[in-house]
Amino acid sequence: VELDMEFCRALSASVFQRTPDNVSFQRYSDDDDIYIALENGDIDVYAGGEVDVGSDFLLPGLSFSNPYFHEGGKAFALVTREADEQWADFVYWVTMATIYAEENGITQNTSNEMPLVNLFGTGLQRLLRDAILAVGNYDEMYRRVFGQNATRVGLNMLNASPFGPQHYPLPF
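Computed from a prediction, not measured in an experiment: that's the story for all the values here.

Looking only at helices and strands, the protein chain has five helices and four strands in total. Secondary structure elements of the protein chain occur, N-terminal to C-terminal, as α-α-β-β-β-β-α-α-α. The 172 residues of the protein chain split such that 42% are buried. In the protein chain, 57% of the contacts between residues at least 6 apart in sequence involve partners at least 24 apart. Summed over its atoms, the accessible surface of the protein chain is roughly 9,200 Å², and 48% of this surface lies on carbon and sulfur atoms.

Laid out in structure tokens, this is it:
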């Protein structure tokens, strides 16, 4: 759950330009309530959506980010409304930025090394930098949530040739 919140803070910092805490967390009793809230526009993103790669990516009306955490054979991602393609893309790129930053040795302290992008207009050129400035790269987030000595295994590791892919960022 805390890793989910880290990704929400990264989104907030990217949208609201370096303001990671401009986010409201809602709790729901079951997935049906969550998907109804997404559909109605009551929430913008569902953090921690369980992904079944074989079927969930085909659920009508939903868009999933790249899975950011794997545990017990389950994968977890950020879920948005498919109808809001631009927001779904934005969420995807912020998620992937944390993995890209780790792969390239970019940390919270060196967030200005993240590329400036025009994916969503000039007003959001810093979106990747702002996300990393707010929460750090994937490893920094993971260690903050699970402890500094936590061991990442399996699909929670970066892509490591020849055994990958696990977390694998697309090139910017």
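That covers the picture; the talk isn't over yet.
Moving on, we get to the packing of aromatic side chains. If you walk through the whole model with that rule in mind, you get eleven aromatic pairs. Judged by centre distance (6.0 Å) and plane angle (80°), the ring pair of Tyr-35 and Tyr-46 falls under edge-to-face. One end of the pair, Tyr-35, is in helix α2 (residues 31-40); the other, Tyr-46, is in strand β1 (residues 46-51), with eleven residues separating them in the sequence. Judged by its relative accessible area of 13%, Tyr-46 falls in the buried class. Among the aromatic residues, those joined into a cluster by ring pairs are Phe-7, Tyr-68, Phe-69, Phe-76, Tyr-138, Tyr-142 and Phe-146. Between Arg-152 and the ring centre of Tyr-142, over which it is positioned, the NZ or CZ distance is 5.6 Å.

Here we take up the nonpolar core. Where a protein is soluble and globular, its nonpolar side chains tend to be buried together. With 35 residues, the main nonpolar core has Leu-11, Tyr-68, Leu-78, Met-114 and Tyr-138 as its most contacted residues. Among the secondary structure elements, those contributing two or more residues to this core are α1 (2-15), β4 (74-81), α3 (85-103), α4 (127-135) and α5 (138-146). Broken down by element, the residue count for this core peaks at ten residues, all from α3. In terms of nonpolar packing, the next biggest core, distinct from the first, is built from twelve residues, Tyr-35, Ala-37, Leu-62 and Phe-64 among them.

What follows deals with the pairing of β1. Of all the six residues making up β1, five are buried; the element is thus mostly covered by neighbouring parts of the structure. As defined by bridge partners, β1 adjoins β4 across five bridges and the pair is classed as antiparallel. Counterpart to Glu-50 in the pairing with β4 is Phe-76.

Where burial is concerned, most of β4 is hidden: six out of the eight residues are buried. As paired elements, strand β2 (residues 62-64) and β4 share three bridges and run antiparallel to each other. Bridge pairing links Phe-64 to Val-79 in β4. What sits between the antiparallel neighbours strand β3 (residues 69-71) and β4 is a turn of two residues, in which Gly-72 has the positive phi angle 55°.

So, about the packing of α1 against α4. Here α1 crosses α4 at 135°, and the two axes come no closer than 8 Å. Classed by the angle they form, the pair α1 and α4 counts as oblique. Both α1 and α4 take part in a crossing whose hand is right-handed. In this structure, α1 contributes Glu-6, Arg-9, Ala-10, Ala-13 and Ser-14 to the contact, and α4 contributes Leu-127, Asp-130, Ala-131, Ala-134 and Val-135. Class assignment for the residues of the contact of α1 with α4 results in six nonpolar, one polar and three charged.

Rules used in this analysis
- Residues numbered from 1 in each chain as written.
- Predicted model: local features only at pLDDT ≥ 70, side-chain atom pairs only at ≥ 80, totals over all residues.
- Heavy atoms only, no water.
- Helix = DSSP H or I, 4+ residues; strand = E, 2+ residues; numbered from the N terminus.
- Buried < 20%, exposed > 50% of the residue type's maximum accessible area, 1.4 Å probe, protein only.
- Contact = heavy atoms within 4.5 Å.
- Areas by Shrake-Rupley, 256 points an atom, 1.4 Å probe, with all protein chains shown as cover.
- Phe/Tyr/Trp six-rings, centres within 6.5 Å; stacked < 30°, edge-to-face > 60°.
- Lys NZ or Arg CZ within 6 Å of the ring centre and 35° of its normal.
- Core = buried A, V, L, I, M, F, W, Y, C linked by side-chain atoms within 4.5 Å.
- Pairing = 2+ DSSP bridges.
- Axes fitted to C-alpha atoms, helices over the stretch in contact; angles between N-to-C directions.
- Parallel < 35°, antiparallel > 145°, perpendicular 65-115°, else oblique.
- Left-handed = near helix turned anticlockwise from the far one by under 90°.
- Nonpolar A, V, L, I, M, F, W, Y, C, P; charged D, E, K, R; others polar.

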